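Architecture and fold: a report
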Amino acid sequence: MIKKQLMVLLIILMGMAGNVPIVHGMESGIESSKEMEIPSSNGESGTVYTDTTNELIVEQSLSPTNEFSDGVESGVAVEPEAIESSVIEEETKTTEDETAGSSILNYEENQWLPEIITIERTNETEVFIQEIGEQARKIGQEYGLYSSVMIAQAILESGSGNSQLSQSPYYNLFGVKGAYNGSFVAFPTYEDDGYGSWYQIEAAFKRYPGYEESFQDYAVLLKEGTDWNPFIYQQAWKDSALSYQEAAKALTGVYATDILYDQKLIALIEAYELMNYDLPESVITDFGRIVSEESVDSDFIQYFGENYDGAEYYAFGNCTQYAYNRVKQLGGHLDVDMGNGMDWGQTGAVRGYEVSPHPAAGTVVSFQPGAAGADAVYGHVAFVEHVYENGSILLSEMNVIGLNVVSYRIIDKVNADTHTYIVPKDFYPNQLSVE
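Residues numbered from 1 in each chain as written. Predicted model: local features only at pLDDT ≥ 70, side-chain atom pairs only at ≥ 80, totals over all residues. Heavy atoms only, no water.

Regarding the nonpolar core
One finds Phe215, Leu251 and Leu274 to be the most contacted residues of the largest nonpolar core, which totals 52 residues. Taken together, the elements giving at least two residues each to this core come down to β10 (116-120), α3 (123-143), α4 (147-158), α5 (211-224), α6 (244-251) and α7 (261-271). If one sorts the elements of this core by residue count, α7 sits on top with seven residues. Discounting residues that sit within four places of it in the chain, leucine 274 has contacts with Ile129, Ser148, Ile151, Ala152, Ile155, Leu268 and Ile269. In this structure, Ala323, Leu330, Trp344 and Phe383 belong to the second largest nonpolar core, which totals 21 residues. (Core = buried A, V, L, I, M, F, W, Y, C linked by side-chain atoms within 4.5 Å. Buried < 20%, exposed > 50% of the residue type's maximum accessible area, 1.4 Å probe, protein only. Helix = DSSP H or I, 4+ residues; strand = E, 2+ residues; numbered from the N terminus. Contact = heavy atoms within 4.5 Å.)

Spelled out as structure tokens, the structure:
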């Protein structure tokens, strides 16, 4: 297998050199890359204006069927050295007569057919992720979007923060056109007239005070859509997409016309483990991450503190009483004498409960004494609210941060796989099962 750097090679093939930015257009649903000189004004590229009318300025295509003209570019002002900061590579099968200089794409039946996309991790991109990650997490949680997808888009669209538009004083990570609170910057760009001919215009792009505003404005776009279709991006919401993979797929052909857009985003997410930013804000401890606010990732309704019949058999305000109450609230059954937290797995197995080392939402996890911060004598139990795609689990539990206080905690897959999980009886019959 030969790994070849697609983006760098494309730059070479297009004859670009030096610090000439690239602008990728998305008008008429056609993505393009055109070389251009950005005019200089007092040493800066582009000209900054203030729109006192606060009107949204969007360049429209001349195409009579302009499906994707929503004022969002599929990437802007990416400099060649910026692209190298997060290289997207193509891996192709070799043949006997293939050389290192051969095409990175297979040409068959008049179609360029790319194969496997891989990512070469760079320190530059990791630093960029650290700079924007927590802001993306905050906005993703607030708007019900996948922060991992937004960060991957920011990496791809801005060349890991190296494009001029994404840097100070513009902070436009996603190439969104228009004006933000009356402020925008004008850059030359190329548009397609809908018939395959390109023409140059000077387009206005939003200028933000910082990255958080860029993320928030982009989140509003995804949630509110366009004037002509408010639900155009709905399939990328957490309410609609069950995973970041589905969300990335939903944006392909809608936000960006690149047929490999989702594959590129997914490759970035997995290479840099961006799915961790889809988890709630948390405080790191030696035994997991304590979620600092009410969890939004649970698969179930919230617990409101009610004590159900039988709860009196467990110690007040302790983990066992809470686990019993949580299961009863959701319609499941647990015996009133399962024992101390460390005993629940063994007790459950003896009494015919389904018990497994594999976590599932709706199960009760039993910790042995001292494991993951459990009591050194009695152990601990907690309720599994959600299992994330990376194998980490979200727990709700009592008496971890205080007596009779419910808190949430996330433990990673390595930790999660060392404990025992009990499936309550009569709980989602024929639907909840662990292997």
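With respect to α7
With nine of its 11 residues buried, α7 lies for the most part within the structure. All of the buried residues along α7 are Tyr261, Asp262, Lys264, Leu265, Ile266, Ala267, Leu268, Ile269 and Ala271. Note on α7: the residue one or two positions beyond its end, glutamate 273, has a positive phi of about 55 degrees.

A look at empty space enclosed by the protein
Inspection of every chain in the model, using the stated rule, returns one cavity of 30 Å³ or more. Taken as a whole, the largest cavity spans an internal volume of roughly 50 Å³. In terms of lining, the largest cavity is formed by Leu145, Tyr146, Val149, Met150, Gln153, Leu222, Ala236 and Ala247. Of the residues that constitute the lining of the largest cavity, the class distribution is seven nonpolar, one polar and no charged. (1 Å grid on protein atoms, 1.4 Å probe; cavity = no way out; pocket = protein on both sides within 12 Å on 5 of 7 lines; lining within 4 Å. Points joined across faces, edges and corners; volume = space filled by probe spheres on them. Nonpolar A, V, L, I, M, F, W, Y, C, P; charged D, E, K, R; others polar.)

Digging into the confidence of the model for the chain
On average, the chain scores 74 in pLDDT, and the residues at 70 or more come to 68%. Confidence drops under pLDDT 50 across residues 1-114; counting only partners more than four residues distant or on other chains, this segment forms 284 contacts. Taken together, the stretch residues 429-435 has pLDDT below 50 and engages in 16 contacts with residues farther than four places along the chain or on a different chain. (pLDDT = per-residue confidence, 0-100.)

Examining the pairing of strand β18 (residues 393-398)
For β18, the tally of buried residues reaches six of six residues, placing the bulk of the element in the interior. Both faces of β18 are covered, namely the face carrying Ile393, Leu395 and Glu397 and the face carrying Leu394, Ser396 and Met398. In terms of strand pairing, strand β17 (residues 380-387) meets β18 through four bridges, oriented antiparallel. Note on β18: the bridge partner recorded for valine 387 is isoleucine 393. If you look at the hairpin formed by β17 and β18, you'll find five residues sitting between the two strands, and glycine 391 has a positive phi there, around 95 degrees. (Pairing = 2+ DSSP bridges.)

Focus: unusual backbone geometry
Leaving glycine aside, a negative phi is the common case for residues, and trans is the common case for peptide bonds. Cis peptide bonds are those with omega within 30 degrees of zero, and the linkage from serine 168 to proline 169 qualifies with 10 degrees. Looking at the element boundaries, proline 169 is found in the loop between α4 and β11 (183-192). Even without a glycine there, the phi angle at glutamate 273 is positive, about 55 degrees. For glutamate 273, the location among the structural elements is in the loop between α7 and β13 (282-285). Positive phi is not limited to glycine here, since asparagine 404 has a value of about 65 degrees. By the element assignment, asparagine 404 lies in the loop between β18 and β19 (406-411).

What to know about α6
Along α6, the residues classified as buried are Tyr244, Ala247, Ala248, Ala250 and Leu251. Buried positions in α6, seen along its axis, are confined to an arc of 160 degrees and lie on one side of it. Packing partners of the buried residues in α6 comprise α4, α5 and α7. The first or second residue beyond α6 is glycine 253, which carries a positive phi of 85 degrees. (Arc of directions from axis to C-beta.)

What to know about the pattern of salt bridges
Across all of its chains, the model carries 12 salt bridges by this definition. One salt bridge connects lysine 206 with aspartate 217, and the closest N-O pair in it is separated by 2.8 Å. Here aspartate 217 lies in helix α5 and lysine 206 lies in strand β12 (residues 198-206), a separation of 11 residues in the sequence. Accessibility classification places lysine 206 together with aspartate 217 in one group, the buried group. Overlapping salt bridges, with partners in common, bring together Asp335, Asp337 and Arg351 in one network. (Salt bridge = Lys/Arg side-chain N within 4 Å of Asp/Glu carboxyl O.)

Focus: the packing of α4 against α6
Between α4 and α6, the least distance of the axes is 9 Å, while the angle of their chain directions is 50 degrees. Taken together, the axis directions place α4 and α6 in an arrangement best described as oblique. Seen from above, α4 lies across α6 with right-handed handedness. For the pair α4 and α6, the contacting residues are Ser148, Val149 and Gln153 in the first and Tyr244, Ala247, Ala248 and Leu251 in the second. Class assignment of the residues belonging to the contact of α4 with α6 gives a composition of five nonpolar, two polar and no charged. (Axes fitted to C-alpha atoms, helices over the stretch in contact; angles between N-to-C directions. Parallel < 35°, antiparallel > 145°, perpendicular 65-115°, else oblique. Left-handed = near helix turned anticlockwise from the far one by under 90°.)

Considering the packing of aromatic side chains
On inspection of all chains with the given rule, the structure shows 13 aromatic pairs. Taken together, a centroid distance of 5.2 Å and an interplanar angle of 90 degrees make the contact between tyrosine 171 and tyrosine 211 edge-to-face. Remark: tyrosine 211 occurs in helix α5 and tyrosine 171 occurs in the loop between α4 and β11; sequence separation between them is 40 residues. We classify tyrosine 171 as partly exposed; its relative accessible area is 21%. Judged by its relative accessible area of 10%, tyrosine 211 falls in the buried class. With a centroid separation of 5.9 Å and an interplanar angle of 45 degrees, the aromatic rings of tyrosine 314 and tryptophan 344 are classed as tilted. One end of the pair, tyrosine 314, is in the loop between β14 (288-291) and α8 (319-329); the other, tryptophan 344, is in helix α9 (residues 344-350), with 30 residues separating them in the sequence. Overall, the relative accessible area of 6% leaves tyrosine 314 in the buried class. Under the relative-accessibility criterion, tryptophan 344 is labelled buried at 0%. These aromatic residues form a ring-pair network of at least three members: Phe174, Phe215, Tyr218, Tyr255 and Tyr261. The ring of tyrosine 146 carries the charged tip of lysine 238 above its face, separated from the ring centre by 5.6 Å. (Phe/Tyr/Trp six-rings, centres within 6.5 Å; stacked < 30°, edge-to-face > 60°. Lys NZ or Arg CZ within 6 Å of the ring centre and 35° of its normal.)

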